[in-house]
Amino acid sequence: MRFDSESQCGQDAWVASCHGMARNLRYLDVGAGLPVAISKTVQLERCLGWTGHLIDIETADQLAAERAGNVIHRDALALDWNAIADSGRFAYLSLDLEPAETTLRALLRILAAGVQFDLATIEHDAYRFGYDIARAMRAMLEARGYVRVAEDVVTLDGDGRLVPLEDWWVDPATMNVGECRFQAAFVTSEAIRRSANP
């Protein structure tokens, strides 16, 4: 099956590439959103057989109807993250809640519980909320040994301007940082080209 990215900035293509198109890995998609449109995990699931947790308080019914992952209809700030951590390492963490302060608070809980992941894409929405939240997220992840391989990955806003959306992270104990950095540069340039020429 061909892997066509569904995600907003090519996150799914980056994750699949860094993992060498490996099959049957696990994701943790926090703030999963709609089942298919701009999903960061649907193609990992459908093309590579990945499974995992889809956490969303607003779209859980739609996710349950259309996706194979374990749908958790809970507020990410009220979730038992220790139970999630006990289920083992994740190949990929997608963290995208609204507003960015909620993403920061969820990240704090995820890290405090010891949730482990190889790769992460974490939305900071600096174009909307400034860089204080992005800096706090970066400090937390760097303190735990994660390496940022793509900073301020951009997306097009409603006016067609490129704006800083998120950072991409790698655990150097489990992943090749150089390869993931190369893949991030390639995937993000392709995502920009694709969105500029639909």
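Coordinates for the structure precede this section.
## Here's the deal with the packing of aromatic side chains
Then, number 1: Throughout the structure, instances matching the rule amount to 2 aromatic pairs.
Then, number 2: Judged by centre distance (4.4 Å) and plane angle (10 degrees), the rings of Phe 117 and Tyr 146 are stacked. Of this pair, Phe 117 sits in strand S5 (residues 117-123) while Tyr 146 sits in the loop between helix H7 (132-143) and strand S6 (147-156), placing them 29 residues apart in sequence. In this pair, the class of Phe 117 matches that of Tyr 146, namely buried.
Then, number 3: Above the face of the Phe 90 ring, Arg 26 is positioned so that its terminal group lies 4.1 Å from the ring centre.

## A look at helix H1 (residues 11-18)
Then, number 1: The buried fraction of H1 amounts to 7 of the 8 residues, a majority that puts the element mostly inside the structure.
Then, number 2: Listed in full, the buried residues belonging to H1 are Gln 11, Asp 12, Ala 13, Trp 14, Val 15, Ala 16 and Cys 18.
Then, number 3: Downstream of H1 by one or two residues, Gly 20 has phi in the positive range, about 60 degrees.

## Quick look at the nonpolar core
One broad rule of soluble globular proteins: the nonpolar side chains tend to lie buried together.
Then, number 1: Among the nonpolar cores identified, the biggest contains 31 residues, and Leu 28, Val 30, Trp 81, Val 115 and Phe 117 are the most heavily contacted of them.
Then, number 2: Secondary structure elements with two or more residues in this core: strand S1 (26-30), helix H4 (81-86), strand S4 (90-95), helix H5 (100-112), S5 and H7.
Then, number 3: With 6 residues, the single largest contributor to this core is H5.
Then, number 4: In this structure, Leu 28 is in contact with His 53, Ile 55, Trp 81, Ile 84, Phe 90, Tyr 92, Leu 93, Ser 94 and Val 115, ignoring residues within four places of it in sequence.

## Remarks on the sheet that holds S5
Then, number 1: Within the open sheet, the 7 strands sit side by side as S3-S2-S1-S4-S5-S7-S6. Their pairing is mixed. Pairing within the sheet leaves two strands with one partner each, and these edge strands are strand S3 (70-72) and S6. Taking the axes of each pair of neighbouring strands and ignoring which way they run, one obtains an average angle of 15 degrees across the sheet.
Then, number 2: The pairing of strand S2 (residues 51-55) with S3 spans 3 bridges and is classified as parallel. When the bridges of S3 are listed, Ile 55 appears paired with Ile 72.
Then, number 3: Where H1 meets the sheet, it contacts S4, S5, S6 and strand S7 (162-170), and its direction lies at approximately 165 degrees from that of S5.

Each value, and the rule that gives it
- Residues numbered from 1 in each chain as written.
- Predicted model: local features only at pLDDT ≥ 70, side-chain atom pairs only at ≥ 80, totals over all residues.
- Heavy atoms only, no water.
- Phe/Tyr/Trp six-rings, centres within 6.5 Å; stacked < 30°, edge-to-face > 60°.
- Helix = DSSP H or I, 4+ residues; strand = E, 2+ residues; numbered from the N terminus.
- Buried < 20%, exposed > 50% of the residue type's maximum accessible area, 1.4 Å probe, protein only.
- Lys NZ or Arg CZ within 6 Å of the ring centre and 35° of its normal.
- Core = buried A, V, L, I, M, F, W, Y, C linked by side-chain atoms within 4.5 Å.
- Contact = heavy atoms within 4.5 Å.
- Pairing = 2+ DSSP bridges.
- Axes fitted to C-alpha atoms, helices over the stretch in contact; angles between N-to-C directions.

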